[in-house]
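A look at the structure
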Amino acid sequence: MRINWYRFSSPQTFYPLAGRLAPWFLGVAGLLAVVGLYISFFVAPTDFQQGEAYRIIFVHVPAAWMSMFIYLVMAGWSAVGLALNARLSFMMAQALAPTGAMFTFLALVTGSLWGKPMWGTWWVWDARLTSELILLFLYIGHMALQSAMEDTRRADRAGAMFALVSAINVPIIYFSVKWWNTLHQGASISLTKAPAMAHAMLLGMLVMALAFWAYTIGVALMRVRCVIKDREREAEWIDEAREIDEASEVEQ
Amino acid sequence: MSTTGILRTLLWRDIQLVLRRQSDVVATLFFFIVAVSLFPLGVGAEPALLRSIGPGVLWVAALLSAMLSLGRLFAADFSDGTLEQLVLAPVPLTLVVAVKIFAHWVASGLPLVMLAPLLGLQFNLEVQDLGVLAFSLLLGTPLLSLIGAIGAALTLGVRGAGVLVAILVLPLYIPVLIFGAGAVTASAAGMSPQGALSLLAALLVLGVVFAPYAAAAALRIALE
Amino acid sequence: MMQWQSLDAFLSMGGYGFYVWLSFGLTAVCMAVELVLLYARQNTLDDGEQT
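Predicted, not measured: the structure shown is a model, and the values here were computed from it.

**With respect to the overall build of chain A**
- A count of helices and strands for chain A gives six helices and zero strands.
- N-terminal to C-terminal, the α/β element order of chain A is α-α-α-α-α-α.
- Structurally, chain A occupies a C-alpha span of about 85 × 45 × 30 Å along its principal axes.
- Taking the contacts inside chain A whose residues are at least 6 apart along the sequence as the reference set, 81% of them involve residues at least 24 apart.

Written out as structure tokens, the structure is:
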């Protein structure tokens, strides 16, 4: 069966498909989460140095991975949208942003919660946490830019442009922050050197990451449906307003 | 008229506008001076403390001054319609933008390069460190104008553009700040500033090559 | 595989219970809130359609 993918590049046809797919992804996310949590608490052994606190990595690291991955995907959809002038691509980017920001926020908070018992302070300016913080600024900037513009077409394209430019800058930012860290602290101190990876620990992080990933796709599909509906509504309203204007002009 | 002819005229025009509106340049400088003076008032004037925070303070203040001046980059031409003309002109918009960024840097970046070493004296920095400071700003301020141009173009004509530009552009400024201030800090600590300065130079090359194109694309989006 | 001596030991996480449970709890809460908000948004949009 040859699937005509282009059929689904129209918001109208994608809408029902997204509606059917979303629950499946959320269901898979739930299952993976159960497995991941089981591994996190009942399979992964106690760490010799960090005791039980290290278990926070099972949400901290997957959240951090997702925060970066989602930004990359956003940038990808932005590039596709700009290149092909496809509305749905822009909408997907818009749908992903809030979830990405949420994961960034979680990575920061869980990082602090891990750091406090380990290092005694609620915040440490280590390279990874600082880079996460800057990533949060980028997410917020992107969302602020999009909401500042009333013209959806301009909002889409400006947001896409910013997503692309900032995504390209992320490696540069990360590299400069690492450099900054070594300059000011001598040997690079990593806030949270994850314990030497037992297989179970790595597996736990991977499963939780996959759970977060499935969750993200499910949520993004749900949100893009809302975005599609919002814009349809807007377009109808504008059309109606135009009809009223034209009708009143004719009467004159 | 040839492309170079048009660009030269544009450059000359922009520079003349800058010379005519000297108050803009002076305002930028005054903000820089005042902002720098706030720090000793805020943290105390202990000489060793000032020497250690000096590079960072001067760089952050320069960065904020550059950012504040971004509003002027496209606004004047936007409000009188010149910008739309430039977009339609037979000259590549990328080059037009590059010229405007250069003129903007002459007005807002170059004065900072010249003034910063003087202010550095207030922070008890050594002479060779002041030299590194000036050179780092010489490499860095064009980058600030280049990156800032993208932000200014994206937010053209938007209500509340000033704050929005800051939110967009400040995270992107961070590598420039790190390497620029880092060069001076390294020099003050007796290490070589070469590493940081080379990285800064590399970023500048990247910026010169890519930023005008991105800013031009952003202008097109804003003017559609 | 049951490495926990008791429910108490499980909850206290070697003394780090506050940090561990707050981390996992906050993660769960954020995701739940996100889902709830999305459902609510979807429903208001659908209701609007009934007109």
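**Re the overall build of chain C**
- Each helix and strand counted, chain C has two helices and zero strands in total.
- Buried positions account for 14% of the 51 residues belonging to chain C.

**What to know about the interface of chain B and chain A**
- Each partner contributes to the interface: chain B provides 22 residues, whereas chain A provides 24 residues.
- Taken together, the elements giving at least two residues each to the side of chain B that touches chain A come down to helix 8 (127-154), helix 9 (161-188) and helix 10 (194-223) of chain B.
- Of the residues that constitute the side of chain B that touches chain A, the class distribution is 18 nonpolar, three polar and one charged.

**Some words on the interface of chain C and chain A**
- If you look at the interface, chain C gives 21 residues, while chain A gives 27 residues.
- Of the residues contributing to the side of chain C that touches chain A, the split by class is 14 nonpolar, five polar and two charged.

**Let's talk about the arrangement of the chains**
- The interface with the highest contact count, out of two pairs of chains in contact, is the one between chains A and C.
- Spatially, chain B is disjoint from chain C: no contact exists, and the shortest C-alpha separation is 25 Å.

**Considering the environment of V18 of chain B**
Residues and elements named next belong to chain B.
- Inspection of the secondary structure assignment puts V18 in helix 1 (residues 3-20).
- Overall, V18 belongs to the partly exposed group, with 17 C-beta atoms counted inside 10 Å.
- Taking the C-alpha atoms as reference, V18 lies 17 Å from M67; in sequence the two are 49 residues apart.
- Each residue touching V18, except ones within four places of it in the same chain, is listed here: V25, A103, V106 and A107.

**A few points about unusual backbone geometry**
- Phi is positive for N85 of chain A, close to 55°, though the residue is something other than glycine.
- Structurally, N85 of chain A can be placed in the loop between helix 2 (57-84) and helix 3 (87-119).

**Remarks on the packing of helix 2 (residues 22-43) of chain B against helix 7 (residues 110-121) of chain B**
All names here are of chain B.
- Relative to each other, helix 2 and helix 7 sit at 30°, their axes nearing to 11 Å. On the basis of their axis angle, the class for helix 2 and helix 7 is roughly parallel. In the crossing of helix 2 with helix 7, the sense of the turn from one axis to the other is right-handed. Residue-level contacts link V25, T28, L29, F32, I33 and V36 of helix 2 to P111, L112, L115 and L119 of helix 7.
- Looking at the contact of helix 2 with helix 7 residue by residue, the classes come out as nine nonpolar, one polar and no charged.

**Some remarks on the environment of V176 of chain B**
All names here are of chain B.
- Position of V176 among the secondary structure elements: in helix 9.
- Note on V176: 29 C-beta atoms within 10 Å, which makes it buried.
- For V176 and L19, which are 157 residues apart along the polypeptide, the C-alpha to C-alpha distance reads 28 Å.

**As for the packing of helix 3 of chain A against helix 4 (residues 127-148) of chain A**
All names here are of chain A.
- At a closest axis distance of 9 Å, the pairing of helix 3 and helix 4 adopts a crossing angle of 150°. Considered as vectors, helix 3 and helix 4 are oriented roughly antiparallel to each other. Pair helix 3 / helix 4 crosses with left-handed handedness. Of helix 4, the residues touching helix 3 (which contributes Q94, A97, G100, A101, T104, F105, A107, L108 and G111) are L129, E132, L133, L135, L136, Y139, I140, H142, M143 and Q146.
- Per-class residue counts for the contact of helix 3 with helix 4 are 12 nonpolar, six polar and one charged.

**Things to note about helix 9 of chain B**
- The end-to-end C-alpha separation of helix 9 of chain B is 38 Å, in line with the 40 Å expected for 28 residues at 1.5 Å each.
- At L170 of chain B, helix 9 of chain B shows its maximal kink, close to 40°; a proline, P171 of chain B, follows between one and four residues later.

**What about the confidence of the model for chain C?**
- Per-residue confidence for chain C gives a mean pLDDT of 83, with 88% of residues at or over 70.
- If you check the scores for this complex, the pTM reads 0.90 and the ipTM reads 0.91.

**Thoughts on the environment of G14 of chain C**
- Within the secondary structure, G14 of chain C is located in the loop between helix 1 (7-12) and helix 2 (17-49).
- A tally of 16 C-beta atoms within 10 Å means that G14 of chain C is categorised as partly exposed.
- Residues G14 of chain C and C30 of chain C lie 16 residues apart in sequence; the distance between their C-alpha atoms is 26 Å.
- Once you skip the residues sitting within four places of it in the chain, G14 of chain C turns out to touch G51 and E52 of chain A.

Conventions we followed
- Residues numbered from 1 in each chain as written.
- Chains lettered and ligands numbered in written order.
- Predicted model: local features only at pLDDT ≥ 70, side-chain atom pairs only at ≥ 80, totals over all residues.
- Helix = DSSP H or I, 4+ residues; strand = E, 2+ residues; numbered from the N terminus.
- Contact = placed C-beta atoms within 7 Å.
- Buried ≥ 20, exposed ≤ 12 C-beta atoms within 10 Å, placed from the backbone.
- Nonpolar A, V, L, I, M, F, W, Y, C, P; charged D, E, K, R; others polar.
- Axes fitted to C-alpha atoms, helices over the stretch in contact; angles between N-to-C directions.
- Parallel < 35°, antiparallel > 145°, perpendicular 65-115°, else oblique.
- Left-handed = near helix turned anticlockwise from the far one by under 90°.
- Expected span 1.5 Å × (residues − 1).
- Bend = angle between axes of the 7 residues up to and from the residue.
- pLDDT = per-residue confidence, 0-100.

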